[in-house]
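Here is how the chains run, residue by residue.
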Amino acid sequence: MTENQDQTEQDPTERDRMEPEELLEEVRTLVEELEPEKDRGRKVRLDSSLGSDLGIDSLGRAELLQRLEDRFSVTLSERVMTEAESPRDLLRAVRSASPGARTGEIDLERREVRTGEERGSEAREPEDAKTLVEVLAWHAEDHPDRRHVLFLEEGPGEGEERDLSYGDLLDRGRGAAAAFQELGLDPGQSVGLMLPSGLDYFAAFFGILLAGGVPVPLYPPMRRSQIEEHLKRQAGILKNARVRFLVAFEEVQTLTKLVKAQVPDLERILVTSDLEGDPEAARPVQIAGDDTAFLQYTSGSTGSPKGVILTHSNLLANLRSMGEILDLGPEEVVVSWLPLYHDRGLIGAWMGSLYFGMPLVLMSPLSFLSRPVRWLRAIHRYQGTISAAPNFAYELCLKKIDEGELEDLDLSSWWIALNGAEPVSPRSVEVFTERLAPYGFSPEAMMPVYGLAENSLAVAFTPPDRAPKIDEIRREAFQKERRAETVGEEDENPLRFVSCGTPIPHHEVRIVDRETRELPEREEGRIQFRGPSATTGYFRNPEDTDRLMVDGDWRDSEDLGYMAEGELYVTGRVKDVIIRAGRNIYPQEVEEAVGGLDGVREGCVAVFAVPEEESGTERLVVMAESRLEDEEAKEELKERIDGTTMDLVGTDPDRVVLVPPRTVPKTSSGKIRRSAAKELFEKGKLDAGGRAVWWQVARLALSGLGPQLRQTRRRLVGLAYAGWFWGLFALVAVPVWLIVFALPSRSLRRRFVRSVARAMAVLTGTAIDRRGGEELEETGEARVIASNHASYLDGFVLATALPPRAAYVVKGELLENPFTRIFLSRLGCVFVERFDPGKGEEESEKAVRALERGDHLVLFPEGTLQRAPGLMPFRMGAFVVAARTGTPVVPVVIRGTRSKLRGGSWFPRPGNVQVRIRPEIEPGGDEWKDAVELRKKVRTEMLDHLPEPDLEDRGSWLQELRDED
């Protein structure tokens, strides 16, 4: 030990004198990095305000805490991130912190999170529950002592654990309900909930529900010193929701007069200790499935508040649909840091865990933000199987976790890593998977998804146990024509989008154009959805509700995307896409590329468009934060941004604006606020050069004509084609019917119909590419021909592709119409009753007779069609007949008819069709099991040549579509 070291350890005064200077040096360094233009002359003192004086935001605080931990070899509480107001507060925290580097002090010992596994019933979930209250009651009765939530409190190491069982939650909820009823809360009245993540949150939420109230989750302020400003921003939501009580932490109570002055309906601000009532005193309240479960506000701190109305039925439908896809049950372990005021944390993590009886390991969002490795270590320690996060969280792990912090991690239990709530980056998916693969993370675990509060959460899910699918498409075709054409080998700069999977069971998704006409596959348009999870609208906001509800029961997401092979690819927001010189430009892609340039602050770039009234198009603006001060260096950076943008999207920006750090506006979760950045730009508050106005106007006026003309032309061509298509069918319908009626033999009638069908295909511009099936023309023996069913055009297409000996199986309802009855009977069609099980044997005999007379029996084993892509479950009838008679089955795959004329629509579009006639499959015997095996083989053969999802496992809910058809 040196003399100086000995003196420092023995003399506390000397130690105290040296520590502040070291700490201030770290603060000074960070301030210089954040705002180099302002740091000259700025004094960093122990009592300087971290926010107002030094300009250190929340992410800056997280960075500063990590640096202090490394500098002083201590572990700091995440509370320091929110509570410290000055360097002096940080100094106190460092002096009182636990010694030891932050990577070495974390315990990785495995811990069992499940308790009380014995169950009182064999049911895995409360299938008969109509409300969230009934869900909790079912669990509390069946296994009251079973752990529901394990909350990781702030404490030594990774945090102290606090338990909440199902029985405890019901008791605490009933106590809170009694307190609310004592205060006079009436059923249907709203109660604000502004609490941080913790067990008190769940008790308060269920207390409101059990009293008949409507919870309104609100996010708490990041720092207690910001409470007053935060409450002013939330006043719009509180007023819109007509909140009568607000449950918050104690500091909010001191501002009761301020809040009540802005929110007339607010009577009282409560703290959690006010909710400790007598559970036995709670009066039961009748709650129905259609009652509002809570209001989820998606915006509203400024402008018009949008509170999504979600009923108990909405929520349970969404949870059950997710359960069908993932086969969820109590053997899973959910790990989450997502905030409970957001639908991902509230519905996905908590309510999903509640419904399926999965233990939830919960940590504070600040715990993750201050030290992202905690999330991964919690998954390791508690052997988490399911954990969700937005894309930025996966990126944050890549940036903020050192390789040493990953040592000894085992993530092999993590089989569902949901990635949603914001655009999913192909790079993030690939790099995260690659980086964590050595620690047991499987590529198949990464599951990109799509959802929004207006559908209670989930809309589309990637199939489990499949690696993410990334679509590479031609940039030029997509930006100019909105067509997602797959790339060739010569494409060096493709656009890349991540598949979000297929619509969840019981729900549908479609892509539409501006006139709400459904688009074919691989054409970009607005994403719309419908199903039992969909909201009825926004609370006390008729204007936004009218924009949400479209075309009957469809809802508009205001997102853009396209469908390919039955899967959804989300490409951006309607309001964010920039149309310039006939191109669609996606801001996220440009922001990511520009953010990677030297001299630009990564994640601090906003790309937006400024309308140009004279040209009818938009000017492209790139706003980027930079710490550069030298003017020559700034001009060089602007040129590099110009070049990068040009290389990426094929056009250079009209304006590049370099701004100081912390200028680009962001949301509380760190997302770029493009509209706010645009507002700053339009108000002229930014000092940056641009091109001459006359040059912009002249160029954009000419380029703006292109997209307008192309859009108008496409609409007119579409309308003209639809008119021509149906006009032809109307013109030939009666003459064809009369000729079929008059021709003397069935063979002549069938040949005539095939000739007409082929002529109509030519006249309507429908090229039918048939491959295979030569043996059907040559053989004299009958075959069963089974085809997928995607459109009302399928029969017309098969008539052109199959030999005239084909006898089609059609639904018995067509017998009720004389026109169709006579026409189809003359062609030898087989009429079957689809919905009368008692006639199964009789219908089979009809099919057998057709085979005996030498006809090929043509049918659609799905029994009906649906508008959404996917091969539905097969009915057994045809395969039983084939097995009983020893008749081979010929699988036929039709592609292209769904895009040409989708189910439920009568608006045909130009397009070609492919027909693939596969080799016949022999039945293995005449028993039932042989028919089942034959069906399996035929289905497998179809799926191998049909780029659509397999919906076999969704037969329970697809039966609803059959019944509606």
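Residues numbered from 1 in each chain as written. Predicted model: local features only at pLDDT ≥ 70, side-chain atom pairs only at ≥ 80, totals over all residues. Heavy atoms only, no water.

Reading across the sheet, the 4 strands line up as β6-β5-β7-β8 and stay open at both edges, with parallel pairing between neighbours. Bordering the open sheet on either side are β6 (214-217) and β8 (268-270), each of which pairs with just one other strand. Across the sheet, the mean angle from the axis of one strand to that of its neighbour is 30°, orientation sign disregarded. Sheet topology note: the strand β7 (residues 243-247)/β8 ladder contains 3 bridges and is parallel. By the bridge assignment, F245 is partnered in β8 with R268. (Pairing = 2+ DSSP bridges. Helix = DSSP H or I, 4+ residues; strand = E, 2+ residues; numbered from the N terminus. Axes fitted to C-alpha atoms, helices over the stretch in contact; angles between N-to-C directions.)

A separate point is the packing of helix α6 (residues 132-142) against helix α13 (residues 343-356). Running from N to C, α6 and α13 cross one another at 50°; their axes reach a closest spacing of 9 Å. Between α6 and α13, the angle falls in the class oblique. Classified by chirality, the crossing of α13 by α6 is left-handed. Contacts between α6 and α13 involve L132, V135, L136 and H139 on the former and, on the latter, M351, L354, Y355 and F356. The class makeup of the residues in the contact of α6 with α13 is 7 nonpolar, 1 polar and no charged. (Parallel < 35°, antiparallel > 145°, perpendicular 65-115°, else oblique. Left-handed = near helix turned anticlockwise from the far one by under 90°. Contact = heavy atoms within 4.5 Å. Nonpolar A, V, L, I, M, F, W, Y, C, P; charged D, E, K, R; others polar.)

Quick look at helix α12 (residues 312-326) now. If you check α12, its first and last C-alpha atoms are 21 Å apart, about what 15 residues at 1.5 Å a residue would give, namely 21 Å. A large share of α12 lies buried, amounting to 12 of its 15 residues. For α12, every residue scored as buried is listed here: H312, N314, L315, L316, A317, N318, L319, S321, M322, G323, I325 and L326. At the exit of α12 stands D327, carrying a positive phi of roughly 55°. (Expected span 1.5 Å × (residues − 1). Buried < 20%, exposed > 50% of the residue type's maximum accessible area, 1.4 Å probe, protein only.)

Quick look at the confidence of the model for the protein chain now. For the protein chain, per-residue confidence averages 84 on the pLDDT scale, and residues scoring 70 or more make up 86% of the total. Element-level mean pLDDT values for the protein chain span from 38 in helix α1 (residues 3-10) up to 98 in strand β11 (residues 334-336). Confidence drops under a pLDDT of 50 for residues 687-704, and excluding neighbours within four residues, the segment shows 34 contacts in the predicted structure. Considering only residues more than four positions removed or in separate chains, one finds that residues 955-965, a stretch of pLDDT under 50, has 21 contacts. (pLDDT = per-residue confidence, 0-100.)

Moving on, we get to a negative patch on the surface. On the surface, D145, D168, D171, D278 and E280 cluster together to form a negatively charged patch. Here D145 lies in the loop between α6 and β3 (147-153). (Patch = residues over 30% accessible without salt bridge, like charges linked within 9 Å, V, L, I, M, F, W, Y side chains within 5 Å. Areas by Shrake-Rupley, 256 points an atom, 1.4 Å probe, with all protein chains shown as cover. Salt bridge = Lys/Arg side-chain N within 4 Å of Asp/Glu carboxyl O. Lys, Arg positive; Asp, Glu negative; His and termini not counted. Charge placed at Lys NZ, Arg CZ, Asp CG, Glu CD.)

At D408, a position not held by glycine, the phi torsion is positive, near 70°. Positionally, D408 belongs in the loop between α16 (391-400) and β14 (416-419). One non-glycine residue with positive phi stands out, namely T516, at about 65°. Among the secondary structure elements, T516 is positioned in the loop between β20 (508-512) and β21 (525-530). Look at T516 and you get partly exposed, because its relative accessible area is 29%.

Below, the discussion takes up empty space enclosed by the protein. Empty space left among the atoms is revealed by rolling a probe the size of a water molecule over them. On inspection of all chains with the given rule, the structure shows 8 cavities of 30 Å³ or more. Looking at the largest cavity, its volume works out to about 260 Å³. For the largest cavity, the lining is made up of 22 residues, of which M322, G348, A349, I386 and L418 are closest to its centre. Contributing elements (two or more residues each) for the lining of the largest cavity: α12, β11, α13, β13 (386-389) and β16 (457-461). (1 Å grid on protein atoms, 1.4 Å probe; cavity = no way out; pocket = protein on both sides within 12 Å on 5 of 7 lines; lining within 4 Å. Points joined across faces, edges and corners; volume = space filled by probe spheres on them.)

Before going further, it helps to spend a moment on the sheet that holds strand β34 (residues 856-859). The 7 strands are arranged β30-β36-β35-β31-β34-β32-β33 in an open sheet whose pairing can be described as mixed. Because the sheet does not close on itself, it has two edges, and the strands there are β30 (768-771) and β33 (830-832). Direction aside, neighbouring strands of the sheet carry axes that sit 20° apart on average. One ladder, built from 4 bridges, connects strand β31 (residues 784-787) with strand β35 (residues 889-895); its direction is parallel. Residue pairing across strands places S787 opposite V892, the latter belonging to β35. Of the strands in this sheet, β31 and β35 touch helix α32 (residues 928-944), which is tilted by about 30° from β35.

The opening residue of helix α28 (residues 818-826) is N817, an N-cap whose side-chain oxygen sits 2.8 Å from the backbone nitrogen of F819. Phi turns positive, to about 80°, at G828, one or two residues after α28. (Polar contact = N/O pair within 3.5 Å; in protein donor to acceptor, adjacent residues only side chain to side chain.)

A few words on the packing of helix α7 (residues 166-183) against helix α8 (residues 199-210). Packed helices, taken two at a time, are described by the angle their axes make and the gap between the axes. It is the contact of α7 with α8, at a shortest axis distance of 7 Å, that shows an interaxial angle of 55°. Looking at the two axes, α7 sits oblique to α8. Read as a crossing pair, α7 and α8 show a hand that is right-handed. Facing α7, whose interface residues are L169, L170, R172, G173, R174, A176, A177, F180 and Q181, α8 presents L199, D200, F202, A203, A204, F206, G207, I208 and L210. Along the lines of polarity and charge, the residues of the contact of α7 with α8 split into 12 nonpolar, 3 polar and 3 charged.

Here the focus is the pattern of salt bridges. A pair can form between side chains of opposite charge whenever their charged atoms are brought close. Counted under the stated rule, the structure contains 54 salt bridges. For the salt bridge of R466 with E567, the shortest nitrogen-to-oxygen distance reads 2.6 Å. Here E567 lies in strand β24 (residues 567-573) and R466 lies in the loop between β16 and β17 (470-473), a separation of 101 residues in the sequence. On the accessibility criterion, R466 (21% relative accessible area) is partly exposed. The class for E567 is buried, based on a relative accessible area of 5%. Between E524 and R482 there is a salt bridge whose closest N-O contact spans 3.1 Å. Here the residue E524 occupies a position in the loop between β20 and β21, and R482 occupies one in the loop between α18 (475-481) and β18 (495-498), the gap between them amounting to 42 residues.

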